[in-house]
Amino acid sequence: MRSVLATALTILSLSTAPAWAARATDGEAKILFWQAVSSMNPYLSGGSKEVYAASIVIEPLAGFDENGKMFPRLAADIPTLENGGVSADRLSVTWKVKDGLKWSDGSDVTAEDVAFTWRYCTAPGGGCAQRAKFDGVAKVEAVDRLTVKITFDKPTSYVYGPFVGALSPIIQMAQFKDCIGEKAQQCTAANFAPIGTGPFVVKDFKANDVVSFIANQHYRDPAKPAFATLTLKGGGDAAAAARAVLETGEFDFAWNTVIEPEVMDLMLKAGKGRVASAFSTTVERIHLNPFAVDPSLGAKRSTREAGPHPSLSDPAVRRALSLAIDRDILVEAGYGAGGKATCNVIPSPDDFASNGVDWCLKQDIPGANKLLDEAGWEMGGDGIRAKNGVRLAYLFQTSTNSVRQGTQQLVKDWWKEIGVETELRNVPATVYFGSDPASPDTYKKFYADIEMYASGFETTDPAKFLADFRCDKIPSPNDGWQGGNVARFCDPAYDTLIGDLNNASGRAERAVIIKKLNDMLVNSGYVLPIVNRGEPSTIANTLVDAKINPWDTQLWNVENWKRGR
Amino acid sequence: MTDAVIDQPVTAKPEIETPSILFWRKFRKHKGGVAGLVVFALIVLIVYVGPFIHTIDPNKIDIRAKNQGPSWKHPFGTDNLGHDMLAQVMAGGQISLAVGLTAMLLALLLGTLVGVLSGYFRKLDGPLMRLTDLFLALPLLPLLLVIIMLFRDTLRAAFGPETGIFILIVFVIGVTSWMHTARIVRGDVLAVKSQEFIVAAKSSGMREHRIVLRHILPNVLSSIMVSATLGIAAAIITESALSFLGLGFPSDFPTWGRLLFDGANFLQLTPSRVFWPGLAISLTVLSVNYIGDAVRDALDPRTQAR
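Definitions and limits used
- Residues numbered from 1 in each chain as written.
- Chains lettered and ligands numbered in written order.
- Predicted model: local features only at pLDDT ≥ 70, side-chain atom pairs only at ≥ 80, totals over all residues.
- Heavy atoms only, no water.
- Helix = DSSP H or I, 4+ residues; strand = E, 2+ residues; numbered from the N terminus.
- Buried < 20%, exposed > 50% of the residue type's maximum accessible area, 1.4 Å probe, protein only.
- Contact = heavy atoms within 4.5 Å.
- Areas by Shrake-Rupley, 256 points an atom, 1.4 Å probe, with all protein chains shown as cover.
- Lys, Arg positive; Asp, Glu negative; His and termini not counted.
- Charge placed at Lys NZ, Arg CZ, Asp CG, Glu CD.
- Pairing = 2+ DSSP bridges.
- Buried area = accessible area lost by both parts, 1.4 Å probe.
- Salt bridge = Lys/Arg side-chain N within 4 Å of Asp/Glu carboxyl O.
- Polar contact = N/O pair within 3.5 Å; in protein donor to acceptor, adjacent residues only side chain to side chain.
- Nonpolar A, V, L, I, M, F, W, Y, C, P; charged D, E, K, R; others polar.
- 1 Å grid on protein atoms, 1.4 Å probe; cavity = no way out; pocket = protein on both sides within 12 Å on 5 of 7 lines; lining within 4 Å.
- Points joined across faces, edges and corners; volume = space filled by probe spheres on them.
- Axes fitted to C-alpha atoms, helices over the stretch in contact; angles between N-to-C directions.
- Expected span 1.5 Å × (residues − 1).

**Here we look at the overall build of chain B**
Helix and strand content of chain B: 13 helices and zero strands. The N-to-C order of helical and strand elements in chain B reads α-α-α-α-α-α-α-α-α-α-α-α-α. Classification of the 306 residues of chain B by burial places 44% in the buried group. For chain B, restricting intrachain contacts to residue pairs at least 6 apart in sequence, the fraction spanning at least 24 positions comes to 68%. Carbon and sulfur atoms make up 69% of the accessible area of chain B, which totals about 16100 Å². If the 27 positive side-chain charges of chain B are averaged to one point and the 21 negative ones to another, these points end up 4 Å apart.

Structure (structure tokens):
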């Protein structure tokens, strides 16, 4: 039935547009995101799955290719100092939108849409998840039909933050004009099926289940996309997703298939596909909650109002917890060649990566015990340390994934050796990374002492990523738990340095500040980096030109995907 | 043929048969039931006594001995973190069986209470049976997920993580599986209630609760017992399903369902990780079902009348 439909659509598209002979001729491509997609609006969800899914439909002005090189998407070209696009005082940047560009409903893309996107994300009460992309932006205005000018508060060294990369795509003003501020969450029709400029259009959206797309008849390249329809299925787990591509061949592409290396090797023997790892900025890390999380605190828990955490606010405890972890064994057990032990949150690009912090790389259980002894945490009769009636007993949560559960158990075992009791909890990934502000189990609410997940930065520049650790980005009920500072790290000196980063000129100066920021983060002990890992995707052999991109969305070149013959 | 059977008791040495001796004599005739009892007893024995013989700590991680096949040191092999699978299966069995038994008792209590009340008191019949229908119509799994999400933290704070989740799971399985018992018991109570000895008891001025306890309950015991055995099996399976979904007990807390869930990905590499817990669940459920069959036969008054 589905293939009949696909053929019908193919014939239909061929008959209406004979000039576009190559568009929509390859039938259906099937993508599997085992973390199901809950929205198509990346401004209302910080999750990678939503950002990636939305990137099929809505696009930014420019993106990054697989080598980290910026290329124009909706923009005619990349503004630079040389071509006059970036003002000499570095206070503004002027983008030109491609002429003749159309939304999928046939209307023209204009500079007004770009300016509107900025107003949409910065509107008070909207809880925009990508707010940090627009930090330091004073205004975005449409100069003429196709020219948009971004003005910054002060001279800015890296001007390619706003509207570059999948985190800040352009949305259509006509569709979202009534969805500003507090009304943003209520515009479900628009949030589930945004009108875009990308190669595909949402045909049907079932939240947390399946999204079906058809080729965009107004896409700027008449020969693309090669596929007539695209199905993005959600659900299952990482192993099932990898199996569906590598062994049964039911799907063409599965994202984020983190499974034990020995299981992956067995699946690859079927010879139906391959694993591609976007090995770059993704760091699996453990966050220690600086705030109290006792359930009796009710709505205040895990926010600043709850007060400091009774034991994790002690730096000795945090350092001991980090020292007790043997990162090499975690890599061996869970990631194999796809991971590398690290103590830093910024692992690449090379000149930004700090190499100053390596005290955590070698496991030191006696050292950790000594630290805790000196800090006055005395071993109790039950083998758990305590001080003034506060026991070192923690709830440690992460998403449901066998590699993460394995990591949890290993970590629990080591922590037991230093007198720390750990209760493990795992939450289904769809819920954990979901954007539902009503669920108590999301990673942003962090209703646990300790949590683990991985994230990286989507572009080659970590400015937005690092800005997310500012005090004012701490998620709370006031912003609908949308803030990006999941770790709840807060240090005024850090915030000042972030300001310096935005003022810095030249890559070398930025690199110095970025390294300093990285060191502040990891030396604070609230963020324990574990493994710098790839973001592995499995790709069927019959899918041609699907390239993994560590710098942008994994579906960055979906318009080029074709069926191999 | 029939004559021979009838003749037997006559030729047998006359002895006083208490109901329990009679029950046991009849139970023994059911070969499946006896086999089930032996298997179930064996499983219980292994699960509770086994850890004293095979003394490896089920939560001991030995990463260097991961993914091993069966050996003398690890008869069921090891998992990908180096846990000993035999120790894990035994520890898991203790929890799974404890959950099964307690959840069954809870369901039985609720089911019998509702069944007897609605069967015996006409006024309560309508409301209670509609309540039963309501529970039957609820989709169980989503309900379980919501209950677990809502009450997990409160119970955890009150009883600690392990006992808290144990109480929660037992409660959740118990309150969602009493309905069939209630319906069966109600039917039986209705049938018994209209018999002469109840009328006689009533006219002699016996109090209602005495009638229920002395005359009605013993007569519906056979169906309650059958529900009980089926209930254990259902509870173990529900707990397995919850664990299999990654809910229920924490991931380092082995139960048979959890072991199955964790082992599924490694089916090709170390099949024993799935085989043993799977076999344990199947054998327990099967043996308990056979025991239930035999109990029903033994308590059936029609066989008693011979």
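Having seen the model, we can carry on.
**Re the pairing of strand β1 (residues 28-33) of chain A**
All names here are of chain A. When you tally the buried positions in β1, you get five out of six residues, the bulk of the element. When β1 meets strand β9 (residues 229-234), the two strands line up parallel, connected through six bridges. Looking at β9, one finds that leucine 32 is bridged to lysine 233. Strand direction decides the pairing type here: β1 and strand β10 (residues 253-255), joined by three bridges, are parallel. When the sheet's bridge partners are listed, phenylalanine 33 is paired in β10 with tryptophan 255.

**Regarding the interface of chain A and chain B**
The interface is formed by 28 residues belonging to chain A together with 24 residues belonging to chain B. Buried area between chain A and chain B, both sides added, is near 2600 Å², and the carbon and sulfur share of it is 50%. When the buried surface of chain A facing chain B is broken down by residue, Glu262, Gln409 and Glu423 of chain A rank first, second and third, together holding 20% of it. Run the count over chain A and chain B and you get zero salt bridges. There are five residue pairs in polar contact (both at pLDDT 80 or more) connecting chain A and chain B. Elements with a contribution of two residues or more to the side of chain A that touches chain B: α6 (238-246), α7 (261-268), α9 (327-334), α11 (402-417) and β17 (421-427) of chain A. Ranked by residue count, the leading element in the side of chain A that touches chain B is α11 of chain A, at eight residues. Class assignment of the residues belonging to the side of chain A that touches chain B gives a composition of ten nonpolar, seven polar and eleven charged.

**Some thoughts on empty space enclosed by the protein**
Under the counting rule described, the total for this entry stands at seven cavities of 30 Å³ or more. Taken as a whole, the largest cavity encloses approximately 180 Å³ of empty space. At the level of elements, α11 of chain A together with α4 (85-120) and α11 (256-263) of chain B are the ones that each hand at least two residues to the lining of the largest cavity. Grouping the amino acids of the lining of the largest cavity by side-chain chemistry returns six nonpolar, ten polar and six charged. Within this model, the second largest cavity holds a volume of roughly 110 Å³. Classifying every residue of the lining of the second largest cavity gives four nonpolar, eight polar and three charged.

**Focus: the sheet that holds strand β5 (residues 137-142) of chain A**
Residue and element names in this part refer to chain A. The antiparallel open sheet is built from three strands, whose spatial order is β4-β6-β5. With one partner strand each, in any of the chains shown, β4 (92-96) and β5 form the two edges of the open sheet. Direction aside, the axes of adjacent strands within the sheet are offset by 15° on average. When β4 meets strand β6 (residues 147-152), the two strands line up antiparallel, connected through five bridges. Pairing of threonine 94 across the sheet is with lysine 149, part of β6. Docked against the sheet, helix α3 (residues 111-122) engages β5 and β6, running at close to 155° with respect to β5.

**Focus: helix α15 (residues 507-524) of chain A**
All names here are of chain A. With 18 residues, α15 should cover 26 Å at 1.5 Å per step; its first-to-last C-alpha distance of 25 Å lies within 8% of that length. Those residues of α15 not exposed but buried are Arg510, Ala511, Ile513, Ile514, Leu517, Asn518, Leu521, Val522 and Ser524. Packed against the buried residues of α15 are α8 (315-323), α13 (463-467), α14 (492-503) and β19 (527-540).

**As for the pattern of salt bridges**
All names here are of chain A. Summed over all chains, the structure comprises 29 salt bridges over all chains. Between glutamate 59 and arginine 220 there is a salt bridge, with the nearest N and O atoms lying 2.9 Å from each other. In this pair, glutamate 59 is assigned in the loop between α2 (48-54) and β2 (62-64) and arginine 220 in the loop between β8 (210-215) and β9, connecting sequence segments 161 residues apart. Exposure remark for arginine 220: the relative accessible area of 28% places this residue in the partly exposed category.

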